[in-house]
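# Report on the structure
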Amino acid sequence: MPLPTAPVKRAALLSEKDYDVPARVQPKSRRPESSLTEHSVAERPQARETPEPTATGVPAVSFLEKGAPETRAKTPRADASLRKNRPEAKAPAEPQAPAEARSRRAKHTGPAKLFVLDTNVLLHDPMCLFRFEEHDIFLPMIVLEELDAHKKGMTEVARNARQTSRTLDALAAHQGADITTGLPLHTTGHREARGKLFFQTQLLNYTLPTSLPQGKADNQILGVVDALRLQHAPREVVLVSKDINMRVKSRALGLATDDYQNDKTLEDGDLLYAGSISLPADFWTTHGQAVESWQQGAHTFYRITGPIVPSLLINQFVYFESPGEPSLYARVTEIRGKTAVFKTLKDFTHLKNAVWGITTRNREQNFAMNLLMDPEIDFVTLTGTAGTGKTLMALASGLTQVLDDRRYTEIIVTRATVSVGEDIGFLPGTEEEKMGPWMGALDDNLEVLGKTDTSAGEWGRAATSELIRSRIKIKSMNFMRGRTFLNKYVIIDEAQNLTPKQMKTLITRAGPGTKIICMGNLAQIDTPYLTEGSSGLTFAVDKFKGWQHGGHITLARGERSRLADFASEVL
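Here's what I pulled together on the structure shown here. This is a predicted model, so every value here is computed, not measured.

Here is what the cut-offs are and how they apply
- Residues numbered from 1 in each chain as written.
- Predicted model: local features only at pLDDT ≥ 70, side-chain atom pairs only at ≥ 80, totals over all residues.
- Heavy atoms only, no water.
- Core = buried A, V, L, I, M, F, W, Y, C linked by side-chain atoms within 4.5 Å.
- Buried < 20%, exposed > 50% of the residue type's maximum accessible area, 1.4 Å probe, protein only.
- Helix = DSSP H or I, 4+ residues; strand = E, 2+ residues; numbered from the N terminus.
- Contact = heavy atoms within 4.5 Å.
- Salt bridge = Lys/Arg side-chain N within 4 Å of Asp/Glu carboxyl O.

### Brief notes about the nonpolar core
Counting residues in hydrophobic clusters, the biggest one holds 40 residues, and the most contacted among them are L117, L129, L139 and L197. Within the residue set of this core, elements represented by two or more residues are β1 (114–117), α6 (119–124), β2 (136–139), α7 (141–149), α8 (156–172), β4 (196–199), α9 (217–231) and β5 (237–240). Looking at which element gives the most residues to this core, the answer is α9, with seven residues. Beyond its immediate chain neighbours, meaning those up to four positions away, L129 contacts L117, L122, I137, T167, L168, L171, L185 and L197. Ranked by size, the runner-up nonpolar core spans 39 residues in total, among them F348, V413, L442 and M519.

Right under this line is the structure:
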């Protein structure tokens, strides 16, 4: 077989027209000419074959299917690919291709959309430019003006504005970049971004309703989207914005719009990893034939095989409760292929296993205490409604391991300083004194823990309280950058108010021998623009699930008081 002729141009310098030049050596193929034509057309960026799930969750071909018939007649290639993939057209069944081949082909499918980004998306996530896969991005000139207005200061928004500006500068300064034809987004090393970035380089003519003020930045962006929709028809132009009112106005004008979804770890809060799973009622009948068990110290181990193994994760708790049968409470310690190993738990509900005088009152609290007291677990996340005992258990286990076991040198407590109502202004004093009003929950729980030892007398309790206070340090999150904690027991309270970036900053402070506990209630988020799906606590729970040195448990039942439990349910 003769070798093909060498290319006369570098691949990086080929223009789009060069792809239409017929090959010099025709390879032998049994496929008909029509299939070859369709294959070559499918590889063009403007006419891909099948819709692909995009960052907005909308099939990429939906707008083209709604296009006018005369517009589609002018683009026969796109029309051919659409006729081939219409939902109502029943094509003959084809044999299933291998998964690897299907995924490779999916990269070239569906017409690329043009996403117009609002300023708040760039200020929310500076890396959003590289999250849209093969689709193109358009930035109106007014967006650059708003970025420039937000770049000053030390806030998170100002930092994101500066980072976005640096990213745009790196894309524009790349060798061979032409701002008029679009800047390839993969030039800075982000290979998953296969589209281009376009700036508004000319004046666009648009007409908005007289009820919308022309000088407002949001309305100017809407006008740009409307002009691009007419200019690039039948290609779909979508406005991406975090501003709900902006999206409502866009829909009222008949423009396609969507929220920026990439910042959400989960679409539905109910899908959050709970940390425990109930074994089915027929567990022993379906899995009991090949169970191996052995004793090691105070714990019993079970090695099981069966259909439930693929759904398990390392450090996930399993429990079996059935009337008339012995209960099983265990933790998954090992998964190898089709087998899993269960390790029975220490019963902290019994008074002999009390931790700093505290015993657990329900199943989930017992699971959480096993994680908190295990030296092999470096990272623990606890979620649950108000009154489930998150702070109390974390403090009790911390005091036991710091003062009794000498496993850690001290307890460090921090939290997000986000107020529920109006801010009361600057607070006087040192760092710990400024953090004092935010640590009311710590003081309340220390008061409970101080009363557990009733035999010490008044002087003994006062001395114990002073000793406890000397081993607990209250730190502000604002000064965590660059620190390293060695052999510390770190408690991050109200972690639901942290962003994923802040959560990463805190967790990466951990040095050798440090344990971090993150606690929060996802139903009580006070930080603006954070939801259950985009909270840093949700981010940490989802990313650390299945790690052999991390664990999570969702506390289900409140133990504070009957009033608090009823209020959590009905209010």
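Read on for the rest.
### Some details on the environment of F485
As for its placement among the helices and strands, F485 is situated in the loop between β15 (472–474) and β16 (488–493). You can call F485 buried: its relative accessible area is 3%. Distance in space between the C-alpha atoms of F485 and T508 is 9.5 Å, their sequence separation being 23 residues. Among residues more than four places away in sequence, those in contact with F485 are I412, M480, V490, R509, A510, G511, P512 and T514.

### Quick word on the pattern of salt bridges
Inspection of every chain in the model, using the stated rule, returns 18 salt bridges. As a salt-bridge pair, E134 and R194 come within 3.5 Å of each other at their nearest N and O atoms. In this pair, E134 is assigned in the loop between α6 and β2 and R194 in the loop between β3 (183–184) and β4, connecting sequence segments 60 residues apart. Overall, the relative accessible area of 3% leaves E134 in the buried class. Between K242 and D259 there is a salt bridge, with its nearest N and O atoms 3.6 Å apart. In this pair, K242 is assigned in the loop between β5 and α10 (244–252) and D259 in the loop between β6 (256–258) and β7 (276–278), connecting sequence segments 17 residues apart. Its relative accessible area of 21% is what places K242 among the partly exposed residues. Each of E156, R159 and K501 takes part in salt bridges that share partners, so that together they form one network.

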